[in-house]
Amino acid sequence: MPNTSNLLARIATYKRRSCLVLSATTFFILSPLAQAQASDTNNLPNAFIVLANYCDNGSTQNNASIAYAKQQKIDCLLTQLSFYQQQTLSSRQQYFAYKAQALFDYASYENSKNNLSVAGLQALENGTHILKALQKSEDKDLPLITAIPSSSALMRPDLWAMLSALKDSASQYNAGTIIAPRELAFSEVALIWAATDQCQSSLDQSGLRFRMAERWLEQAHEAYVNTYDSKASVALEDLMVSYYEQYAPLDAADEVCHGQPLPL
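Throughout this description, residue numbers start from 1 for each chain and increase along the sequence as written. Where totals are concerned, whole chains, interfaces and linings use all residues; where local detail is concerned, this predicted model gives features only for residues with pLDDT of at least 70, and gives and counts side-chain atom pairs only at 80 or more. For side-chain calculations, the full set of non-hydrogen atoms in the structure is used, while hydrogens and water are omitted.

(A) How the structure looks around the overall build of the chain. For the chain, the count of helices and strands is 9 helices and 0 strands. Only DSSP runs of H or I covering at least 4 residues are called helices, and only runs of E covering at least 2 are called strands; the numbering of each starts at the N terminus. Each helix and strand of the chain, placed in order from N terminus to C terminus, yields the pattern α-α-α-α-α-α-α-α-α. Only protein chains enter the accessibility calculation, which uses a 1.4 Å probe; a residue whose area is less than 20% of its type maximum is buried, one above 50% is exposed, and one in between is partly exposed. Across the 264 residues that make up the chain, the buried fraction comes to 55%. When contacts within the chain are restricted to residue pairs at least 6 apart in sequence, long-range pairs at least 24 apart make up 79% of them. When checking whether two residues touch, look at their non-hydrogen atoms; a contact exists if any pair is within 4.5 Å.

(B) Structural context of the state of the cysteines. The disulfide definition used here is simple: a pair of cysteine sulfur atoms within 2.5 Å. With the rule as written, the count across this model stands at 2 disulfides. A disulfide bridge connects Cys-199 with Cys-257, and the sulfur atoms are separated by 2.2 Å. Taking the sign of the torsion about the S-S bond as the criterion, the disulfide between Cys-199 and Cys-257, at about 90 degrees, is right-handed. Taken together, the positions of Cys-199 in helix H7 (residues 181-199) and Cys-257 in the segment after helix H9 (230-247) put the pair 58 residues apart, joining distant regions of the chain. Taking only the cysteines that form disulfides and numbering them from first to last, the chain has the pattern 1-2, 3-4.

(C) Representation of the packing of aromatic side chains in the model. Each pair of aromatic rings taken from Phe, Tyr and Trp, with Trp reduced to its six-membered ring, is defined by centres within 6.5 Å and is described as stacked if the planes are under 30 degrees apart, edge-to-face if over 60, and tilted in the remaining cases. Going through the model one piece at a time under the given rule, you end up with 8 aromatic pairs. Members of the aromatic cluster, connected to one another through ring pairs, are Tyr-98, Phe-186 and Trp-216. In our convention, an over-ring charge means Lys NZ or Arg CZ found within 6 Å of a ring centre and within 35 degrees of that ring's normal. Over the face of the ring belonging to Tyr-109 we find Arg-209, whose NZ or CZ atom lies 5.5 Å from the ring centre. Residue placement shows Arg-209 over the ring face of Trp-193; its charged tip is 3.9 Å from the ring centre.

(D) View of the pattern of salt bridges. Here, a salt bridge means any side-chain nitrogen of Lys or Arg that lies within 4 Å of a carboxyl oxygen of Asp or Glu. Applying the stated criterion across every chain, the model contains 7 salt bridges. With a shortest N-O distance of 3.6 Å, Glu-214 and Arg-156 are connected by a salt bridge. Of this pair, Glu-214 sits in helix H8 (residues 203-227) while Arg-156 is found in the loop between helix H5 (118-135) and helix H6 (157-168), placing the two residues 58 residues apart along the sequence. On the basis of relative accessible area, Glu-214 is assigned to the partly exposed category, the value being 21%. With a relative accessible area of 12%, Arg-156 lands in the buried category. Of the charged contacts, one joins Arg-182 and Glu-183 as a salt bridge, the two residues approaching to 3.6 Å between their closest N and O atoms.

(E) Expanded view of the environment of Ser-65. Within the element layout of this structure, Ser-65 appears in helix H3 (residues 63-81). Considered as a pair, Ser-65 and Asn-115 are 50 residues apart in the sequence and their alpha carbons are 9.6 Å apart.

(F) Representation of the side chain of Gln-205 in the model. Mapped onto the fold, Gln-205 is located in helix H8. Taking the relative accessible area as the measure of exposure, Gln-205 reaches 15% and is therefore buried. Under this definition, polar contacts are N or O atom pairs within 3.5 Å; protein pairs additionally need one hydrogen-donor-capable and one acceptor-capable atom, and for neighbouring residues in sequence, both atoms have to be side-chain atoms. A polar side-chain atom of Gln-205 sits 2.6 Å from a polar atom in the side chain of Arg-209.

(G) The arrangement of the nonpolar core in detail. By convention a nonpolar core is built from buried Ala, Val, Leu, Ile, Met, Phe, Trp, Tyr and Cys residues, the set being connected through side-chain atoms within 4.5 Å. Counting residues in hydrophobic clusters, the biggest one holds 74 residues, and the most contacted among them are Phe-104, Trp-160, Leu-166, Leu-184, Tyr-224 and Tyr-247. Looking at this core, the elements with two or more residues in it are H3, helix H4 (91-114), H5, H6, H7, H8 and H9. If one sorts the elements of this core by residue count, H4 sits on top with 11 residues.

(H) Geometry of the packing of H8 against H9. Relative orientation of the contacting elements H8 and H9 amounts to 145 degrees, with a least axis distance of 8 Å. Within the contact between the two elements, H8 uses His-221, Tyr-224 and Val-225 and H9 uses Ala-232, Ser-233 and Leu-236. Angles here are taken between N-to-C directions and fall from 0 to 180 degrees, while the axes themselves are lines fitted to C-alpha atoms, restricted in helices to the stretch in contact.

Right, dumping it as structure tokens:
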């Protein structure tokens with residue numbers, strides 16, 4: 001089985017200029033509802049699966065009540081989302097459901113600080129878009145590789161290359177099955193969130209999230225090489241190098257967040 005650290009070394013000698021310190025802070029600040037969802041994937045009653053706009057609530061008057069109302073909405077969305085994380089659903093549906101969960105957790109964390117930053121609002125909007133597509137059975141129209149939002153940037157092109165290659169390989173082997181959909185979804189949002197923190201000079205937090213993204217990608221890569229033969233693993237490695245060659249020139253070396261389309 002290929003060594004992941006050697007694989008990362010091959011596609012990049014890239015290192016952040018700042019000394020990123022691993023914080024003891026938990027990556028996702030999950031609400032009790034979200035924590036329950038992570039361990040309970042029982043079917044929800046069909047009557048409960050309603051469009052995401054069901055979670056919208058009325059206007060409020062002050063910042064504290066606005067933040068509380070938004071948190072209620074996020075918790076409501078997370079509860080609806082848990083239906084789509086069941087093992088009986090396709091790996092593609094699971095990937096998007098976990099990505100939406102990570103985005104809602106992102107929005108919840110931001111909301112707890114300052115009534116949703118621009119990054120938090122984008123996370124809430126993107127997560128809601130995914131949930132609505134799942135509810136309408138339109139998830140097949142959602143692209144696996146999407147642009148990095150304007151509140152973030154492309155940093156760690158080696159990790160982005162690994163992420164894109166693992167997602168892209170789903171179209172080449174086993175009828176589009178995505179290996180480790182949860183790990184891929186969480187690593188993607190971690191990379192987005194880490195770059196936002198880096199742009200805001202939150203080095204401790206960005207270091208934590210970059211390291212979490214790398215760990216999830218290592219787990220996804222290990223699952224991939226344990227699933228397919230050595231030929232597929234070599235092809236994946238070549239694909240990672242190809243993506244890295246495209247992504248490396250796009251690296252936000254100036255640490256300014258302005259978004260980034262990702263070439264396919």
